[in-house]
Amino acid sequence: MRDTDAVFRALSDPARRRLLDRLNERNGLTLTELCADMGMTRQSVSKHLDVLDEADLVTTLRRGREKLHYLNAAPINEIADRFIHHYDRARVEALADLRTALEATPMDQKSNETSFVYTTYIHATPERVWQGLTDPTFTERYWRHPKSGGVSYRTDWQKGSAYDIAYDEVGLVITDSEQVVLESDPPRRLAYTWHTFSPEWAAAHQFDEATVAAWRAEPRSKVAFDIEEAGEGVVKLTVVHDGFAPGSAVLEGVRGGWPAVIASLKTLLETGSALPSA
C-alpha cells in the first residue's frame, strides 16, 4: 500500500520538487541530465531521487546501460481523488495546484517525449491483476468509453498471437494483423502493439476522420504491463506505453486515458465495482 506520509515528506523539500519539475518538463532523464544546473553533487541528487522513488513519485526504467527516470503522477492522483477531504483548505489548494502542474504541462514542454509511464499499487494478487488485464468479463466493466461502451480483447494471449479489439455494445470489432501480443509471461508481464485507428473506430468514438488519419500516420506504439508483488496482498503495476515519435498526438491522447483506465481497474479489483465512465 502506498505511504501517503512518504509522498508529503518527499514533496516537502524544494530540491525534490525541482527534480519533479525537471521531469515534468522532460521525462525519461538520466542521472547525469538531472544533475545539470541543480547546484549540488551527484550523490546529493541521487539521495533526493531515492526519496522520490520511495514515495513512488519517480519510476525508473533500464534502457540498455542507461537508467531513465520518469515522473509518476499516480500518488498525487490517488491523494487528490481518495483523501483530499481530510485536509484543510490551504493544503487542498496546494495539492490541487501541484496535481494540475503534473498533469497539464504545455505541449511545447512535452514535445520531445516518446513514452508514457504510470505506476500504481493494487490490493490483489498478481494472478488477479493479470485476469483484470486480459479477461473480457473484467475489461468490459472498467475499460469503458461513454460513446462505444466496454472493451474486450479477443486472443489466446500467447506471444506472437494477433488480437481483435471488440466494442460489443456498438457492434464494432477491429481486426488487424499488426495487432500482436509481443510478450506474455503470466502473471508477471504482458505487452502488445496498440490497436488500429480504423475509420469505424473513429466513427464509433465520434472523432473526425482527418484527426484519426493523422494518428494512423504515426508509428504503431506498444504498451507493456509489469506486475510485481509489493508486500502481502499488494501488487505494483507499472504501465509503459512507448514507441511514439516526438510530438505524438496519440501520446497526448493515451496520457489522458491511461490514468482513468488504471484507476478504474484498481477500484474494480479492490471493491468489486468499476468507476463510472466519464
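Predicted, not measured: the structure shown is a model, and the values here were computed from it.

The rules behind the values
Residues numbered from 1 in each chain as written. Predicted model: local features only at pLDDT ≥ 70, side-chain atom pairs only at ≥ 80, totals over all residues. Heavy atoms only, no water. Helix = DSSP H or I, 4+ residues; strand = E, 2+ residues; numbered from the N terminus. Buried < 20%, exposed > 50% of the residue type's maximum accessible area, 1.4 Å probe, protein only. Contact = heavy atoms within 4.5 Å. Areas by Shrake-Rupley, 256 points an atom, 1.4 Å probe, with all protein chains shown as cover. Core = buried A, V, L, I, M, F, W, Y, C linked by side-chain atoms within 4.5 Å. Pairing = 2+ DSSP bridges. Axes fitted to C-alpha atoms, helices over the stretch in contact; angles between N-to-C directions. Expected span 1.5 Å × (residues − 1). Bend = angle between axes of the 7 residues up to and from the residue. Polar contact = N/O pair within 3.5 Å; in protein donor to acceptor, adjacent residues only side chain to side chain. Phe/Tyr/Trp six-rings, centres within 6.5 Å; stacked < 30°, edge-to-face > 60°. Parallel < 35°, antiparallel > 145°, perpendicular 65-115°, else oblique. Nonpolar A, V, L, I, M, F, W, Y, C, P; charged D, E, K, R; others polar.

Caption draft 1: Summary view of the overall build of the protein chain. Within the protein chain, the secondary structure is distributed over 12 helices and 11 strands. For the protein chain, with 278 residues in total, the buried portion stands at 47%. Summarising the internal contacts of the protein chain: among those between residues at least 6 apart in sequence, 57% fall at separations of at least 24. For the protein chain, the exposed surface amounts to about 13600 Å²; the carbon and sulfur share of it is 49%.

Caption draft 2: Layout of the nonpolar core. Counting residues in hydrophobic clusters, the biggest one holds 45 residues, and the most contacted among them are Tyr-192, Leu-237 and Trp-258. The dominant element in this core, judged by the number of residues it contributes, is helix 12 (residues 249-271), at 9 residues. Dropping the residues within four chain positions of it, Tyr-192 is found in contact with Trp-143, Tyr-153, Trp-157, Tyr-163, Val-180, Val-181, Leu-182, Lys-222, Val-223 and Phe-225. Residues Val-7, Leu-34, Leu-52 and Ala-55 belong to the second largest nonpolar core, which totals 22 residues.

Caption draft 3: Examining the sheet that holds strand 11 (residues 235-242) more closely. Here we have 7 strands laid out as an open sheet, ordered 3-11-10-9-8-7-6, and antiparallel in their pairing. At either margin of the open sheet sits one strand with a lone partner, and together these are strand 3 (115-122) and strand 6 (152-154). Geometrically, the sheet is characterised by an average inter-axis angle of 25° between neighbouring strands, direction not taken into account. Direction of pairing for strand 3 relative to strand 11: antiparallel, over a ladder of 8 bridges. The partner of Ile-122 across the bridge, within strand 11, is Val-235. Strands strand 3, strand 8 (172-185), strand 9 (189-193), strand 10 (222-229) and strand 11 of the sheet are contacted by helix 8 (residues 126-134), whose axis makes an angle of about 160° with strand 10. Against the sheet, helix 12 engages strand 3, strand 10 and strand 11, with an angle of about 10° to strand 3.

Caption draft 4: Quick peek at the pairing of strand 3. Counting buried residues along strand 3, 8 of its 8 residues qualify, which places the element largely inside the surrounding structure. The side-chain alternation of strand 3 yields two buried faces, one formed by Ser-115, Val-117, Thr-119 and Tyr-121 and the other by Phe-116, Tyr-118, Thr-120 and Ile-122.

Caption draft 5: Just the side chain of His-195, in detail. Residue placement: His-195 occurs in the loop between strand 9 and helix 10 (199-204). The class for His-195 is buried, based on a relative accessible area of 7%. Those residues in contact with His-195 that lie beyond four places of it in its chain are Tyr-163, Ile-165, Gln-179, Trp-201 and Arg-220.

Caption draft 6: Spatial organisation of helix 12. The terminal C-alpha atoms of helix 12 lie 34 Å apart, and with 23 residues this matches the ideal 33 Å at 1.5 Å per residue to within 8%. The sharpest bend along helix 12 measures roughly 30° and falls at Gly-257, with the proline Pro-259 sitting one to four residues further on. You can read the cap of helix 12 off the contacts: a side-chain oxygen lies 3.2 Å from the backbone nitrogen of Val-250, and it is on Ser-248. Gly-272 sits one or two positions beyond helix 12 and adopts a positive phi of about 90°.

Caption draft 7: Examining the packing of aromatic side chains more closely. With the rule as written, the count across this model stands at 18 aromatic pairs. Ring centres of Tyr-142 and Trp-143 lie 6.3 Å apart, and the angle between their planes is 35°; on these two criteria the pair is classed as tilted. Here Tyr-142 and Trp-143 have matching classes, each one buried.

Caption draft 8: Representation of the pairing of strand 7 (residues 162-167) in the model. Judged from the 3 bridges that link them, strand 6 and strand 7 form a sheet pairing that is antiparallel. In the strand pairing of strand 7, Tyr-153 is matched with Ile-165. Pairing between strand 7 and strand 8: 5 bridges, direction antiparallel. In the sheet register, Ala-162 faces strand 8, and the bridge partner there is Val-180. Where strand 7 folds back onto strand 8 in an antiparallel hairpin, the turn is made up of 4 residues, including Gly-171, whose phi is positive at roughly 70°.

Caption draft 9: Structural context of the packing of helix 2 (residues 14-25) against helix 4 (residues 42-54). Between helix 2 and helix 4, the least distance of the axes is 10 Å, while the angle of their chain directions is 80°. In terms of axis orientation, helix 2 runs roughly perpendicular to helix 4. Across from Ala-15, Arg-16, Leu-19 and Leu-20 in helix 2, the residues of helix 4 making contact are Val-45, His-48, Leu-49, Val-51 and Leu-52. Counted by class, the contact of helix 2 with helix 4 contains 7 nonpolar, 1 polar and 1 charged residues.

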